[in-house]
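Overview (structure and organization)
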Amino acid sequence: DKAATKNSIVPKEDLVTHSVLFRAPYAIEIMDAETSDGAKMNLKLLVTVQAENVERMLFKTPDWLANLTARVTDVTAKYMRSQTSVDFRNDNVGKTNELSLKIMELNTNPPSTDPQSLRSLVGVSIVSADFLDYDMTGGLAEAAEKTAKAQLEGEADIKAAELAATVLAKSTDA
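Residues numbered from 1 in each chain as written. Predicted model: local features only at pLDDT ≥ 70, side-chain atom pairs only at ≥ 80, totals over all residues. Heavy atoms only, no water.

Our next topic: the overall build of the chain. Regarding its fold elements, the chain presents six helices and three strands. Helices and strands appear in the chain in the N-to-C order β-β-α-α-α-α-α-β-α. Looking at the chain as a whole, 32% of its 174 residues qualify as buried. In the chain, the share of contacts with a sequence separation of at least 24, taken over all contacts with a separation of at least 6, comes to 70%. (Helix = DSSP H or I, 4+ residues; strand = E, 2+ residues; numbered from the N terminus. Buried < 20%, exposed > 50% of the residue type's maximum accessible area, 1.4 Å probe, protein only. Contact = heavy atoms within 4.5 Å.)

This part covers the environment of Leu106. Note on placement: Leu106 falls in the loop between helix H4 (98–104) and helix H5 (118–122). According to the relative accessible area criterion, Leu106 is buried, its value standing at 2%.

Turning our attention to the pattern of salt bridges. Under the definition given, this model contains two salt bridges. The closest approach of N and O atoms between Lys78 and Asp74, which form a salt bridge, is 3.3 Å. Note that Lys78 and Asp74 are positioned in helix H2 (residues 64–81) at a spacing of four residues, about one turn of the helix. (Salt bridge = Lys/Arg side-chain N within 4 Å of Asp/Glu carboxyl O.)

Moving on, we come to the side chain of Thr76. Tracing the chain through its elements places Thr76 in helix H2. For Thr76, a relative accessible area of 0% puts it in the buried group. Within polar-contact distance, the side chain of Thr76 engages the backbone oxygen of Val72 at 2.8 Å. The residues touching Thr76, leaving out its near neighbours within four places in the chain, are Ile30, Leu43, Leu45, Leu99 and Ile103. (Polar contact = N/O pair within 3.5 Å; in protein donor to acceptor, adjacent residues only side chain to side chain.)

This is the structure in structure tokens:
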């Protein structure tokens, strides 16, 4: 009531609700995702979803959360197979990375096996997909760790050599 002098709660006359806002975060853990160099990783993601079509989400999809999780897992597995363990670890500086962006594409660009987006399939859209953490598993974890460390040390050695060459060139010019 705009003319009221203090706030009050007034019940609706009509009991029908024409809209529902549902937004919730879901933790998804993907076990043993394999990279192109054979390393296996356990990944932890936080995917926040929002209802776009509540009728489809609750009544026309047997288990919308299982469908969503399966699609996120599929995208993640394909992404991991396209990355080496070193490339993957270098891309994971913050919460949002290339994997997060691939998951967000499920809203508009579904997997090639299914021509429908998440909205039309299960009635939800992904609001955010945050990468939380990973850990390496299996026998290749130690080997991949050594490979990554050697690559990073090699890059540092190259930068040091380039700097030394620049200093030497300047000394020679002087």
